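# Chain and residue survey
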Amino acid sequence: MANNLSIIRSSEWWEYKLPPLLAIGYATAIKSDGQFIKSIPHLLFLLFSLIIGAAYVSIINDITDIDDDAASGKSNRIARVNPKVRWVFPTLCLLAGGLCCYYLYPDWLSILLYTIPWICFSLYSFRPIRLKNRGLLGVLADASGSHIFTSLLMISSISFITNQSVDWLWFISTGVWALCYGVRGILWHQFYDRKNDIQAQLNTFAVYTDPKLFRTREVVIFTIELLAMTIMLFCIHYLLPIIALFVYLLVAFSRTYKLNYTPVIIIAPENHPYHILMADFYQVYFPLSLLCTAAINEPYVFIILIIHLALFPKKTITSLKDLKILLSMR
């Protein structure tokens, strides 16, 4: 099991990308007027379908990166797997993904939104197209596959099974937020790997972009993201997520000025502790506040809250530890 989890690189996306997507699903279910509990089986199915997609992405990315990683001296997990066996894993993921599309039928919008990320990441990884090595196109492909269409899938699919019409303001604002957050995520990764990618002679966006000259653009991206999140909170119109946001802002402010962490939008400092702005809110505070909101009207949701905490404990524990340290400081 440990080897399988290593191959699909679950430690790199499980606690970071799944909770924000579930938060979008939770919020959409809350908007369905008392059908939150009824939507839980479908939310679990969507979680499974996203895990299958994430596993596919991780595996094909490693397979197609074997030569580049060797050139830059980076470790590659799939390189240790017998070449005759490597393609079994993505093939199984594709079959499972096809079954997920069958289950989504006749919700054609959700089938489309679920299929697009598979296409985006295939184009991102496979030669001769390999968008990963094509600058800005690679950034947009990664953001589309990881965040934009998966977030919109949560809205369309939960709306479909709860028989509610799509809230287009919620849909569009979520798409803009996911675009900005997704772009921040992949650019953070690219700038973090910039030296290795230069050594491997790759053509990622970060390779030919001077980090010092990117500061203004990262502020613009972050500002649009915050505006989109503001509209999203307006669409939800519940108090607990707003309270959770203020608690997060207090923690982020204290981390910066009491613990001397550098606040980061995209480009992180070397050899100095930092925290990525709003990441903990999306990964911890936002989904938990939504579950607590749902539990006020449907107490059985507290069981779902416990399950969520059991599935995604590390980031929550880290946030609680930081909050405890900050509260104990004078």
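You'll find the protein entered in an unreviewed UniProt entry as Prenyltransferase, with Pedobacter hiemivivus given as the organism. Per UniProt, the protein has the following entry under Subcellular location (unreviewed entry): "Membrane".

A word on the UniProt feature "transmembrane region" (unreviewed entry) in the protein. Under the local residue numbering, the UniProt record ascribes the feature "transmembrane region" (unreviewed entry) to residues 43–64, 85–105, 111–129, 136–162, 168–187, 219–251 and 284–311. Measuring from the first to the last C-alpha atom of residues 136–162 gives 37 Å, for a span that is 96% helix and 0% strand. Between the C-alpha atoms that bound residues 284–311 the distance is 12 Å, and the span itself is 89% helix and 0% strand.

Attention now moves to the pattern of salt bridges. The tally for this structure, following the rule as stated, stands at nine salt bridges. Residue K31 pairs with D167 through a salt bridge whose shortest N-O separation is 3.0 Å. Taken together, the positions of K31 in the loop between helix 2 (14–30) and helix 3 (36–64) and D167 in the loop between helix 8 (136–161) and helix 9 (168–192) put the pair 136 residues apart, joining distant regions of the chain. Take D167: its relative accessible area is 27%, and that puts it in the partly exposed class. Between R255 and D280 there is a salt bridge, with its nearest N and O atoms 2.8 Å apart. Of the two residues, R255 sits in helix 12 (residues 239–257) while D280 sits in helix 13 (residues 279–297), which places them 25 residues apart along the sequence. With a relative accessible area of 4%, R255 lands in the buried category.

Time to look at the packing of aromatic side chains. Going through the model one piece at a time under the given rule, you end up with 22 aromatic pairs. With a centroid separation of 6.1 Å and an interplanar angle of 40 degrees, the aromatic rings of Y26 and F36 are classed as tilted. Here Y26 is found in helix 2, whereas its partner F36 is found in helix 3, with 10 residues between them in sequence. Exposure remark for F36: the relative accessible area of 1% places this residue in the buried category. With a centroid separation of 4.2 Å and 45 degrees between ring planes, the pair formed by F45 and Y103 is classed as tilted.

A word on helix 14 (residues 301–311). Inspection of helix 14 places V301, I304, L305 and H308 among the buried residues, and these make up the whole buried set. Taken around the axis of helix 14, the buried residues stretch over an arc of 105 degrees, which confines them to a single face. Of the exposed residues in helix 14, those oriented more than 90 degrees away from the buried face are I306 and A310. The elements touched by buried residues of helix 14 are helix 2, helix 3 and helix 13.

The next subject is a nonpolar patch on the surface. A cluster of nonpolar residues, L239, L240, I242, I243, F246, V247, L249 and I296, forms a patch on the protein surface that exposes about 710 Å² of accessible area. Counting residues per element, the nonpolar patch draws most heavily on helix 12, at seven residues. Assignment of secondary structure puts L249 in helix 12. You can call L249 partly exposed: its relative accessible area is 39%.

Reading the values: rules and limits
- Residue indices follow the written sequence of each chain, beginning from 1 at its first position.
- At least 70 in pLDDT is required for a residue's local features to be given in this predicted model, at least 80 for side-chain atom pairs to be given and counted, and no such filter applies to totals for whole chains, interfaces and linings, which use all residues.
- Hydrogens and water are ignored here; the side-chain numbers use all heavy atoms of the structure.
- UniProt positions are given in the numbering used here, feature names are shortened, and annotations may be inferred rather than shown by experiment.
- Helix and strand definitions follow DSSP, with helices as H or I runs of at least four residues and strands as E runs of at least two, each counted in order from the N terminus.
- Here, a salt bridge means any side-chain nitrogen of Lys or Arg that lies within 4 Å of a carboxyl oxygen of Asp or Glu.
- Burial classification: accessible surface area is computed with a 1.4 Å probe over protein chains only, and a residue below 20% of its type maximum counts as buried, one above 50% as exposed, and the rest as partly exposed.
- Here a Phe, Tyr or Trp ring, Trp counted by its six-membered ring, pairs with any other such ring whose centre lies within 6.5 Å, and the pair is stacked when the planes are under 30 degrees apart, edge-to-face when over 60, and tilted otherwise.
- The directions from the helix axis to the C-beta atoms form the arc being described.
- Contacts are assigned to residue pairs that have any heavy atoms within 4.5 Å of one another.
- Patches draw on residues past 30% relative accessible area with no salt bridge. Two like charges within 9 Å are joined, as are two nonpolar side chains (Val, Leu, Ile, Met, Phe, Trp, Tyr) within 5 Å.
- Method for areas: the Shrake-Rupley scheme with a 1.4 Å probe, in which residue coverage is limited to the protein chains shown.

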